[in-house]
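# Inside the fold
Residues per chain are reported as follows:
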Amino acid sequence: MEAPFSGVILVSRGDETLRAEAHGYAHIAHGVENTIDTRFAIASGTKGFTALVVVGLIAEGCLSLETTAREVLGDDLPLIDDRVTVEHLLTHTSGIGDYCDEDEDPPPTPLLATSADYLAALDGYPQKFPPGERFHYNNGAFAVLSLIAERIAGIPFAELVRTRVTEPAGMADTAFLRSDALPARTATGYLEDGRTNVFSLPVVGFGDGGSYSSAPDFRKFWPAFLDGRIVPREWVDRMLRGDHYGLGFWLPRPGVVHLDGGDHGVTFWSSHQPSSGLTATLISNDHRGGGPLLKQLDEYLTKA
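Anyway, here's the lowdown on the structure attached to this text. None of these values were measured; they are calculated from a predicted model. (Residues numbered from 1 in each chain as written. Predicted model: local features only at pLDDT ≥ 70, side-chain atom pairs only at ≥ 80, totals over all residues. Heavy atoms only, no water.)

## Points about the environment of H287
Let me state the cut-off plainly: Strands here are runs of E lasting at least two residues and helices are runs of H or I lasting at least four, both read from the DSSP assignment and numbered beginning at the N terminus. Any two residues whose heavy atoms approach within 4.5 Å at even a single point are treated as in contact. Polar contact is defined as a pair of N or O atoms within 3.5 Å, subject to the rule that within protein one atom must be able to donate a hydrogen and the other to accept it, and that residues adjacent in sequence are counted only when both atoms are side-chain atoms.
Here H287 shows up in the loop between β10 (278–284) and α9 (292–303). The spatial distance from the C-alpha of H287 to the C-alpha of I152 is 35 Å, given a sequence separation of 135 residues. If we ignore the near neighbours within four places in the chain, the residues touching H287 are Y190, L191, E192, D263, H264, G265, V266 and T267. Here G265 takes part through its backbone nitrogen, which lies 3.0 Å from a polar atom of the side chain of H287.

Put into structure tokens, the structure is as follows:
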């Protein structure tokens, strides 16, 4: 029997709300119910923010798509091929060894809270294939991108996301929060056996995942991104060019742009159709996610 859905569904077209539902509990033990405005972990949905930070630095001339990781990293992470570029990292074609490879059994989650923690965790993974050879989804590549962004800007990555992405988009409920000290109005994630996911996530997320947000904030995000309020409009077009994947964003079919993420006790799914202005978001504190609900949300986009 499928577990009851715990989370939020929000479908809108511009200022019009087509569907808004909140189900389940943000905190089971204290009986705190989810609301439309509840914040949830979004796992790899964070990669879109990372791509925007990096592209913003490129637009300002601080980096280029051709900049190699080695130029910025110096002697750090020596197993990364010297030919790997920022573009390879953004498009999952770098071939670098992945500290969090979804095709393999994951190692125990280390206590990741700082850039130094992530740098140590990323080290020691040999290159898997030559850069540019093929697409292979890579979490570590986006953690490397956040290290690069920090070193180029001289500013902590969370601060870069806040000033360059969430503030311009008006996303007041989006931030990197400590998973072991969640504030009010934020959902705790739950595993299938009823335990919380606090020992299954990094303490603080980074460029590959782990920020927290809300469905209403993603209603704001997509127009801000596409209108050029986060990166220049010409770079928006470049980011959304590609076969199924652009620069940090999924392109599931023509005319639709998408972010998603999943982790222990986390499901996130948000799609936007620029032509109709329709946004559909599902966000949950259960990694079993929405099941048939995701198909329903996708139907809004196909019928728009």
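## Some remarks on the layout of surface pockets
Here is the rule: Both site types are read off a 1 Å grid over the protein atoms alone. A 1.4 Å probe that fits but cannot get out defines a cavity, while an open set with protein on both sides within 12 Å along at least five of seven lines defines a pocket; lining residues have an atom within 4 Å of a point. Grid points are joined across faces, edges and corners, and a volume is the space filled by probe spheres set on the points. We call Asp, Glu, Lys and Arg charged. Ala, Val, Leu, Ile, Met, Phe, Trp, Tyr, Cys and Pro are nonpolar, and the rest, Gly among them, are polar.
Considering only enclosed or pocket space, the second largest pocket measures out at about 210 Å³ in volume. Split into classes, the residues belonging to the lining of the second largest pocket amount to 7 nonpolar, 4 polar and 3 charged.

## Points about the sheet that holds strand β1 (residues 7–13)
To be explicit about the condition: For two strands to pair, DSSP has to find at least two bridges joining them. Lines fitted to C-alpha atoms define the axes, with helix axes restricted to the stretch in contact, and inter-axis angles between N-to-C directions lie between 0 and 180 degrees.
As summarised here, the arrangement of the 6 strands in space is β2-β1-β10-β9-β8-β7, forming an open sheet in which the pairing is antiparallel. Lying at the two open borders of the sheet, with one neighbouring strand each, are β2 (16–23) and β7 (250–253). Neighbour-to-neighbour, the strand axes of the sheet open up by a mean angle of 15°, direction not taken into account. Examined bridge by bridge, β7 and strand β8 (residues 256–263) share 2 bridges and lie antiparallel to one another. Bridging across to β8, R253 finds its partner in V256.

## Observations concerning the pattern of salt bridges
Rules: Basic side-chain nitrogens of Lys or Arg form a salt bridge, by our definition, when they fall within 4 Å of a carboxyl oxygen of Asp or Glu. For every residue, the accessible area obtained with a 1.4 Å probe (protein chains only) is divided by the maximum for its type, and the residue is called buried under 20%, exposed over 50%, and partly exposed between those limits.
The full count for this structure, using the stated rule, is 19 salt bridges. A salt bridge links D193 to R195, with the nearest nitrogen and oxygen atoms 2.8 Å apart. A relative accessible area of 53% places D193 in the exposed class. A salt bridge links R229 to D227, with the nearest nitrogen and oxygen atoms 3.5 Å apart. A residue is classified by how much of its surface remains accessible, and R229, at 44% relative accessible area, is partly exposed. Exposure remark for D227: the relative accessible area of 52% places this residue in the exposed category. Here the salt bridges share partners, and the residues they tie into one network are E159, R162 and E167.

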